[in-house]
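# Examining the three-dimensional arrangement
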Amino acid sequence: MSLGQRVSSDHQLARLLQIGVVLEEVVESRAAHHLESLPADEREAIDDEVRELLAEAAEESADHRERLEALVDELDAETVAYEEINALVDARYGPPEDTDGVLYDQLCNEETAYKFYDDLIGAVEASDAEFAIDRDRLLETLYDIREEEREGVEEVTEIMERRA
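In every chain, residue numbers begin from 1 and rise along the written sequence. Local features in a predicted model are, by the rule used here, given only for residues with pLDDT of at least 70; side-chain atom pairs are given and counted only at 80 or more, and totals for whole chains, interfaces and linings are based on all residues. Processing note: side-chain calculations cover all non-hydrogen atoms of the structure and skip hydrogens and water entirely.

An unreviewed UniProt entry lists the protein under the name Rubrerythrin, with Natronococcus pandeyae as the source organism.

This is the structure:
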């Protein structure tokens, strides 16, 4: 299913929201594990600003996940448990080798999430379908999450520019 289309049914909306949940679970897991996955010398070299960024990113993704899960629940669908995604992330993604790698990975995560929500909002707005959940509340939730992702992109970019 492409986000270039309109969202035409509750089933399709639920699937797209479930994708958002998984995306947030991956971002949350990666942000939470970046510090512990670095070599000891790199871990000690990371400054408080980067540590705070990663902690905030994990918290924000957990919040986004919970907000999306509430919407999915209203559509009588299920989501994949965070623990399952966390285990997959641990098995699939190798750790960044240094602070620059951590920041680059976090920037990619934030940009990917922003683009996903931007496309999802466009697909919902282009649709004339009636959903089992309130369209205004759905869009308000997605607008808020997209804005937080945009702010995340800016924050990571600013940190990277200061470090350059």
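From this point, things continue past the structure.
## Side note on the pattern of salt bridges
Criterion for a salt bridge: a side-chain nitrogen of Lys or Arg within 4 Å of a carboxyl oxygen of Asp or Glu. If you walk through the whole model with that rule in mind, you get 13 salt bridges. Where D63 meets R67, a salt bridge forms, and the shortest distance between an N and an O atom there is 2.9 Å. One end of the pair, D63, and the other, R67, are both in helix α3 (residues 48–74), four residues apart, so they sit about a helical turn from each other. Relative accessible area decides the class of each residue, using a 1.4 Å probe on protein chains only: under 20% of the type maximum gives buried, over 50% gives exposed, and in between gives partly exposed. Using a relative accessible area of 32% as the deciding quantity, one classes D63 as partly exposed. Among the ionic pairs, E148 bridges to R67, the shortest N-O distance being 3.6 Å. With E148 in helix α6 (residues 135–163) and R67 in helix α3, this residue pair connects regions lying 81 residues apart in the sequence. Helix and strand assignments follow DSSP, with helices taken as H or I runs no shorter than four residues and strands as E runs no shorter than two, numbered in order from the N terminus.

## A few points about unusual backbone geometry
A positive phi angle, close to 55°, is found at D76, a residue other than glycine. On the secondary structure map, D76 appears in the loop between α3 and α4 (82–92). With a relative accessible area of 75%, D76 lands in the exposed category.

## A word on the UniProt feature "coiled-coil region" (unreviewed entry) in the protein
UniProt positions are given in the numbering used here, feature names are shortened, and annotations may be inferred rather than shown by experiment. According to UniProt, the positions carrying the feature "coiled-coil region" (unreviewed entry) are residues 43–85. Measuring from the first to the last C-alpha atom of residues 43–85 gives 24 Å, for a span that is 79% helix and 0% strand.

## Digging into the confidence of the model for the protein
pLDDT is a residue-level measure of predictor confidence that goes from 0 to 100. For the protein, the average pLDDT comes to 87, and 92% of its residues sit at 70 or higher. Highest mean pLDDT in the protein belongs to α6 (96); lowest belongs to α4 (68).

## A few points about the packing of α3 against helix α5 (residues 99–125)
Geometry of a packed helix pair, given as the angle between the helix axes and the separation of the axes. In this analysis an axis means a line fitted to C-alpha atoms, helices contributing only their contacting stretch, and an angle means the value between N-to-C directions, from 0 to 180 degrees. Running from amino to carboxyl end, α3 crosses α5 at an angle of 25°, the nearest separation of the two axes being 12 Å. Taken together, the axes of α3 and α5 are roughly parallel relative to one another. α5 is crossed by α3, and the crossing has left-handed handedness. Two secondary-structure elements touch here, α3 through V50, L53, L54, A57, E60 and L68 and α5 through T99, V102, L103, Q106, E110 and Y117. Amino acids outside the nonpolar list (Ala, Val, Leu, Ile, Met, Phe, Trp, Tyr, Cys, Pro) and the charged list (Asp, Glu, Lys, Arg) are all regarded as polar, and Gly is one of them. Of the residues contributing to the contact of α3 with α5, the split by class is eight nonpolar, two polar and two charged. We call two directions roughly parallel when the angle between them is under 35 degrees, roughly antiparallel when it is over 145, roughly perpendicular when it lies between 65 and 115, and oblique otherwise. Less than a right angle of anticlockwise turn of the near helix away from the far helix marks a crossing as left-handed, whereas a clockwise turn marks it as right-handed. By definition in these notes, contact holds between two residues if any of their heavy atoms fall within 4.5 Å.

## Describing the side chain of S127
With respect to the element layout, S127 can be found in the loop between α5 and α6. Accessibility expressed as a relative area gives 8% for S127, which makes it buried. Aside from chain neighbours lying at most four places away, what touches S127 is R6, V7, S8 and R135.

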